[in-house]
Amino acid sequence: MNASPVAAPAADLAPTGPTIGVLALQGDVREHVAALAHCGAQPVLVRRESELAEVDALILPGGESTAISKLLEVFELLEPLRARLRDGMPAFGSCAGMILLASEVLDTRPDAQHLSGIDMTVRRNAFGRQVDSFEVDLEFTGLDDGPMRAVFIRAPWVERVGDGVEVLATVPDGPFAGRIVAVRQGNVLATSFHPEVTGDLRVHRMFVDLVRDA
Ligand code: GLN
């Protein structure tokens with residue numbers, strides 16, 4: 001998916017918040033841009049090192065992690081991004097973005113790169129072929145107003161978390177009950193599912209608040 005220039009939000013959505021980049025190499029960039037704009041942040045597309053340098057925080061979208069990994073190398077963003085994460089830049093990754101933020105990835109290509117933004121082992125395409133996509137309502141630590149509808153599309157799960165990683169959500173029931181699907185370490189947040197596609201902005205709001213406080 002190609003990202004287009006970010007339209008100015010309507011007057012009542014005029015950004016007062018932080019400048020948050022959306023990594024715009026591949027994946028569902030527009031959905032994150034829209035969600036950020038609705039949360040009062042200033043979304044910008046990030047494809048170059050100079051653009052990365054300007055943002056307060058970064059969202060890594062859903063898409064295809066191995067393709068994004070390759071493009072991070074092509075666009076010479078891999079090391080600059082690792083450096084910003086090491087320096088404490090807040091980040092949020094959904095699905096492929098979660099995979100990219102992991103410190104270890106299972107069932108990926110041998111040449112795929114990851115960013116080690118969170119001390120966790122993530123299994124790619126973990127829910128298997130029969131259930132490529134599914135939806136479930138889950139409790140998300142730190143979010144008020146009831147469970148959140150979570151949409152999973154060829155999603156990963158988190159198989160191991162290190163010390164200092166907080167588990168924010170697990171699958172509530174069914175064959176995958178207890179699987180970890182949302183985590184946070186410091187100012188880095190990751191979800192196996194796609195909060196950007198449901199219109200429920202609570203995770204994006206949580207992230208924008210976290211960036212404001214950072
Ligand atoms: N299966 C994809 C990957 O490996 C992730 C899917 C998604 O982002 N919806 O990157």
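That block above? That's the structure.
All chains use their own residue numbering, which begins from 1 and follows the written sequence. Residues qualify for local features only when their pLDDT is at least 70, as the model is predicted, and side-chain atom pairs are given and counted only at 80 or more; totals for whole chains, interfaces and linings, by contrast, use all residues. In computing side-chain properties, one takes all heavy atoms of the structure into account and sets aside hydrogens as well as water.

Participant: I'd like a description of the nonpolar core, backed by residues and values.
Facilitator: In this description, a nonpolar core means a group of buried Ala, Val, Leu, Ile, Met, Phe, Trp, Tyr and Cys residues linked to one another through side-chain atoms lying within 4.5 Å. Buried means the residue's accessible area, taken with a 1.4 Å probe over protein chains only, is under 20% of the maximum for its type, while exposed means over 50%, and partly exposed covers the values in between. The biggest cluster of nonpolar side chains holds 41 residues, and the ones touching the most others in it are Ile 20, Phe 127, Leu 138, Phe 140, Phe 152, Phe 193 and Phe 207. Broken down by secondary-structure element, the contributors of at least two residues to this core are strand 1 (19–23), helix 1 (29–38), strand 3 (57–60), strand 7 (133–138), strand 8 (148–153), strand 10 (166–170), strand 11 (180–185) and helix 6 (202–213). The dominant element in this core, judged by the number of residues it contributes, is helix 6, at six residues. Working rule for contacts: check all heavy atoms of both residues, and any pair within 4.5 Å makes them a contact. Contacts of Phe 193, omitting those with residues within four sequence positions, involve Ser 94, Cys 95, Leu 138, Phe 140, Met 148, Ala 150, Val 151, Phe 152, Val 181 and Ala 182. Strands are runs of DSSP state E lasting at least 2 residues, helices are runs of H or I lasting at least 4, and numbering of each runs from the N terminus.

Participant: I'd like a description of helix 4 (residues 78–86), backed by residues and values.
Facilitator: When we look at burial in helix 4, the residues that qualify are Leu 78, Pro 80, Leu 81, Arg 82 and Leu 85. Buried positions along helix 4 lie against helix 2 (49–54), strand 3, helix 3 (65–74), strand 4 (91–94), helix 5 (96–101) and strand 12 (188–191). Gly 88 occupies a position one or two residues after helix 4 and carries a positive phi of about 100°.

Participant: Mind laying out the environment of Asp 132, listing which residues take part and the relevant values?
Facilitator: Considering the arrangement of structural elements, one finds Asp 132 in the loop between strand 6 (120–123) and strand 7. When the C-alpha atoms of Asp 132 and Ala 155 are compared, they prove to be 7.5 Å apart, with 23 residues separating the residues in sequence. If we skip the residues at most four places from it in the chain, Asp 132 touches Phe 152, Ile 153, Arg 154 and Ala 155.

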